[in-house]
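Close look at the chain arrangement
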Amino acid sequence: MFRAGEGMYDMTLMDEVTEDTFMENLKTRFSKGIIYTNIGEQIVSVNPFQSVAEPEMADFVNQFQYEVQPHIYALADDTYRALLSEKSDQCVIITGESGAGKTVSSKIFMKYVAYVSSSRVGASMADAAASSAAAAETERIKNRLLESNPVLEAFGNAKTLRNDNSSRFGKYMELQFNFAGAPVGGRISQYLLEKSRVVTRAEGERSFHVFYQMLSQPILMSQLGLTPDPAAYKYLAISGCYEVSSIRDVEDFLEVQQAVKVLGWNDDDLEEVFKVLGAILLLGNVEFVDDADKSAEHKTECVSVANQEVVLQVADLLAVDADFLMGSLMSRSISTGVGRRASQITVQLDGAGAADTRDALAKFLYSRLFDWVVARINSELEPARGAYSEAVIGILDIYGFEIFEDNSFEQFCINYCNEKLQQYFILNVLQSEQEEYAREGITWTPIDYFDNSPIISLIEGASARSASIIALLDEACLVGNTTTGQLVEKFANGLSSSAHFEAAANGADRSLTAEQFRIKHYAGDVVYSAELFQDKNRDALYPDLVNTMHTSSSALVQELFKGDKALAQSKRRPVTAATQFKKAVCELIATLQACSPHYIRCIKSNDAKRGLHLDEERVRHQVVYLNLVEAVRVRKAGFCNRQHYTRFMWRYKMLTDATWPIWRGSDRDGVETILNGLGWRGPSTSSGRPSCSSRTHRRLCSWSGCGRSGCRLWRS
Ligand SMILES: Nc1ncnc2c1ncn2[C@@H]1O[C@H](COP(=O)(O)OP(=O)(O)OP(=O)(O)O)[C@@H](O)[C@H]1O
């Protein structure tokens, strides 16, 4: 495992750990094409932007991470084995900025788990027929889990300036296993799809892959009555990017077509989906004209559709009445009064208002379609009747930290989510571990780290009543009529005490405009343009559009909007997008807290996608903000392997007569009794280091995955 000239495979084995030695080791390994390095059980992965030789998966089966070369397979095997031996939920948290390699890592992880777990099928069954039925079921689930990836990527990924295959949604995928460790099902939770991408994006970026895949099929397009030329669609033409050298839309289309078949979609399902996608593309071509003459004479008619034939085509694809659709794009019903005086009036929109309504419909159609795709995949991944999920492995692959030229509400949410994950890492790896040593009375020199809690308080509030960006934004949306400048001023007044917030109004920086504010995130300073924050936070789908969609004779379109009926009748104020996102992220963190975590920390090697080129400044910046050096220090100073007393008892109580079969004392005393009975004294609180020379301890080490520095097995 250790080869001269390749640097240390585990950062905790380095004699001295500083930012410089960390970087040196990473560079040495990367220059040899080695992209993975361990920090104890964590893996640091540096994106090679080229294919690297993959080892045999078989070489990792039943091997502890410290026994094999650092690789995601090794982490996956440890995770899977922990699930089997502890029968407890595991999760792997994959973090890093956009383009750092999270999605590729998650796929490597899944591939290995699918490989290693399928061999467990029927292991516990004496009956050959039952065993072969179980094998078939496992194969079915495994295929569906793997095939869900290309489908999710087609609908949820896009080319950005940072990554040709950037995930524009957050994904938490749970793989469910039965008592024998065979996969029985799965479940995907998705977070905040960047739906604004459907109608606008930066120059040089693309919309979601699925549009270009569909357009690469001339026969399909002619069946839909549409041209296959992407430049003919304003929603795509807006960013001037159609073909990408690293993306093969034709091949990807065929892969997705194959994958959805495995997922149980039939031809009708696919046709309906393509019709909705076609309608979205065409919606962008609907043009409105402000009619000055008419508006002078008849105050109510101030906008008309310039190309009615396009609306007819959209209506046809969505199977709705064209006049109804046209009306709901150009006017809006507004409720006035309360109680008996309640009534509805219809106001005619101007050209800009109608264009906003059109874009809102396109965005909602797409995001609802994406929800539907995920729901369909989930229904196909449900465990079969009679199969039970005993424990899960969750894989979190969420959009990475983003800094663009123009950062809007989406970047704000994405970066907030990354702050929360960084905090999770800090709490679990840096803080709680140090606190535990203090609690256990083990000699410990505190290790400093950057704590991002103040940034999270700034965004979401330290308590329900404290000022925060989300609370102030919601307040502005509630009041209405707040200009962007007033919103930023509100932020500046309410959040002036935060060292992580800056706006021109609080005099911190004159380079910021009145509509901008800056958050000093853990990963860097980001200037946000607040212009569309209120619109995007309200995220309103107008009742007229919902009613039009409800008249559709397409089962799919009906399905996409079925949940809105109750919402339209409800008197309650709709929850804003930011508050919904905050709730979802907090629930995600709670889910992760309930699992044993494993970490893959992805690092982007360079911005030019230049293969094995390591941009030192760029990488160093990530090493610093990911707190990697601190993670090594904590790991190095502490014990690489730790077990909860309860789990230790459960696993090892049979080793001494005193504890087996029944132990009536506390778990802590039981552990001490086992270790004393085996002749191992355990860590002394003064010297801090147990001896690993006893045969018994060596056995324990290999069983429990000991990776302590100082342990002979660890070094061997
Ligand atoms: N292990 C790897 N081997 C080879 N190439 C890789 C590897 N990891 C990443 N890449 C390359 O980097 C690109 C970006 O990786 P990936 O899509 O996984 O990033 P990401 O962190 O998920 O980004 P985002 O947050 O934007 O979704 C890939 O399309 C691939 O070209």
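Remember, it's a predicted structure, so these values are computed and weren't measured experimentally.

1. Quick notes on the site of the ligand
If you check the shell around the ligand, you find 19 residues, and the closest are Ser98, Lys102, Thr103, Ser166 and Ser167. A distance of 2.9 Å separates an oxygen atom of the ligand from a polar atom in the backbone of Val104. A distance of 2.7 Å separates an oxygen atom of the ligand from a polar backbone atom of Ser167. Taken by itself the ligand offers 630 Å² of open surface, and the protein chains cover 85% of this.

2. Digging into the pairing of strand 12 (residues 391–397)
Burial within strand 12 is extensive, with seven of its seven residues counted as buried. Of the two faces of strand 12, both are covered, the one formed by Ala391, Ile393, Ile395 and Asp397 as well as the one formed by Val392, Gly394 and Leu396. Note that strand 3 (residues 90–95) and strand 12 share five bridges and pair parallel. Within strand 12, the residue paired with Cys91 across the bridge is Gly394. Direction of pairing for strand 6 (residues 170–177) relative to strand 12: antiparallel, over a ladder of seven bridges. Note that in strand 12 the partner of Met173 across the bridge is Ile395.

3. Considerations on the UniProt feature "binding site: ATP" (unreviewed entry) in the chain
The UniProt entry lists Gly96, Glu97, Ser98, Gly99, Ala100, Gly101, Lys102 and Thr103 under the feature "binding site: ATP" (unreviewed entry), expressed in the numbering used here. Among the structural elements, Gly99 can be located in the loop between strand 3 and helix 3 (102–118). Not counting residues within four places of it along the chain, the set of residues in contact with Gly99 comprises Asn47, Phe49, Arg162, Asn163 and Lys604. Structurally, Thr103 is set in helix 3. Here Thr103 is in contact with Glu153, Ser167 and Asp397, once residues within four sequence places are set aside.

4. Digging into the state of the cysteines
On inspection of all chains with the given rule, the structure shows zero disulfides. For the unlinked cysteine Cys413, the closest cysteine sulfur is that of Cys417, found at 9.2 Å. Left unpaired, Cys602 is separated from the closest cysteine sulfur, that of Cys417, by 15 Å. Exposure remark for Cys602: the relative accessible area of 0% places this residue in the buried category.

5. Quick notes on the packing of helix 14 (residues 409–439) against helix 15 (residues 453–460)
Helix 15 packs onto helix 14 with a crossing angle of 140 degrees between their chain directions and a minimal axis gap of 10 Å. On the basis of the axis angle, helix 14 is oblique to helix 15. Where helix 14 crosses over helix 15, the handedness of that crossing is left-handed. Contacts between helix 14 and helix 15 involve Phe412, Tyr416, Glu419, Lys420 and Gln423 from the first element and Ser453, Ile455, Ile456, Ile459 and Glu460 from the second. Partitioning the contact of helix 14 with helix 15 into residue classes produces five nonpolar, two polar and three charged.

6. Observations regarding helix 12 (residues 322–330)
Listed in full, the buried residues belonging to helix 12 are Ala322, Leu325, Met326, Ser328, Leu329 and Met330. By the N-cap criterion, in which a side-chain oxygen at the helix start approaches the backbone nitrogen of a residue two or three places on, helix 12 is capped by Asp321, the distance to Asp323 being 3.1 Å.

7. Focus on the sheet that holds strand 13 (residues 501–503)
Sheets are built from strands paired through backbone hydrogen bonds, the pairs being either parallel or antiparallel. Across the sheet, three strands lie side by side as 13-14-15; this open sheet has antiparallel pairing. The open sheet has two edge strands with one neighbour each: strand 13 and strand 15 (524–529). Each strand axis lies, on average, 20 degrees off the axis of its neighbour in the sheet, ignoring direction. Packed on one face of the sheet, helix 14 meets strand 14 (516–521) and strand 15 and runs near 150 degrees to strand 15.

8. As for the sheet that holds strand 7 (residues 183–191)
Judged by pairing direction, the sheet is mixed, and its seven strands sit side by side in the order 1-2-16-3-12-6-7 without closing on themselves. Strand pairing shows two members of the sheet lacking a second neighbour, strand 1 (36–39) and strand 7, which therefore form its edges. Adjacent strand axes in the sheet meet at a mean angle of 20 degrees, parallel and antiparallel pairs treated alike. Strand direction decides the pairing type here: strand 6 and strand 7, joined by eight bridges, are antiparallel. Counted as the bridge partner of Lys171 is Gln190 from strand 7. Packed onto the sheet, helix 1 (residues 19–31) meets strand 1, strand 2 (42–46) and strand 16 (596–603) and runs at close to 145 degrees relative to strand 1. On the sheet, helix 22 (residues 577–593) packs against strand 3, strand 6, strand 7 and strand 12 and is oriented at approximately 35 degrees with respect to strand 6.

9. Let's talk about the nonpolar core
The biggest cluster of nonpolar side chains holds 189 residues, and the ones touching the most others in it are Phe155, Leu277, Leu365, Tyr366, Phe517 and Leu592. Apart from residues lying up to four places away in sequence, Phe155 is in contact with Leu193, Phe208, Val210, Val273, Leu277, Tyr366, Leu369, Phe370 and Val373. In terms of nonpolar packing, the next biggest core, distinct from the first, is built from eight residues, Phe648, Met649, Leu675 and Trp680 among them.

10. Details of the pairing of strand 15
As defined by bridge partners, strand 14 adjoins strand 15 across six bridges and the pair is classed as antiparallel. Paired with His521 across the two strands is Gly524, which belongs to strand 15. Hairpin remark: strand 14 followed by strand 15, antiparallel, with two residues in the connecting loop.

11. Topic: the pattern of salt bridges
In the structure shown here, the tally under the stated rule is 35 salt bridges. Close ionic contact of Arg376 with Asp269 constitutes a salt bridge, the shortest N to O distance being 3.3 Å. Here Arg376, found in helix 13 (residues 351–381), pairs with Asp269, found in helix 9 (residues 267–283); they are 107 residues apart in sequence, far enough to count as distant. As far as the burial class goes, Arg376 and Asp269 line up, both buried. What you see here is one network of salt bridges that share partners, running through Glu19, Asp20, Glu24, Lys27, Glu616 and Arg620.

So, how was this worked out
Residues numbered from 1 in each chain as written. Predicted model: local features only at pLDDT ≥ 70, side-chain atom pairs only at ≥ 80, totals over all residues. Heavy atoms only, no water. Near = heavy atom within 4 Å. Polar contact = N/O pair within 3.5 Å; in protein donor to acceptor, adjacent residues only side chain to side chain. Areas by Shrake-Rupley, 256 points an atom, 1.4 Å probe, with all protein chains shown as cover. Buried < 20%, exposed > 50% of the residue type's maximum accessible area, 1.4 Å probe, protein only. Helix = DSSP H or I, 4+ residues; strand = E, 2+ residues; numbered from the N terminus. Pairing = 2+ DSSP bridges. UniProt positions renumbered as here; feature names shortened; annotations may be inferred. Contact = heavy atoms within 4.5 Å. Disulfide = S-S within 2.5 Å. Axes fitted to C-alpha atoms, helices over the stretch in contact; angles between N-to-C directions. Parallel < 35°, antiparallel > 145°, perpendicular 65-115°, else oblique. Left-handed = near helix turned anticlockwise from the far one by under 90°. Nonpolar A, V, L, I, M, F, W, Y, C, P; charged D, E, K, R; others polar. Core = buried A, V, L, I, M, F, W, Y, C linked by side-chain atoms within 4.5 Å. Salt bridge = Lys/Arg side-chain N within 4 Å of Asp/Glu carboxyl O.

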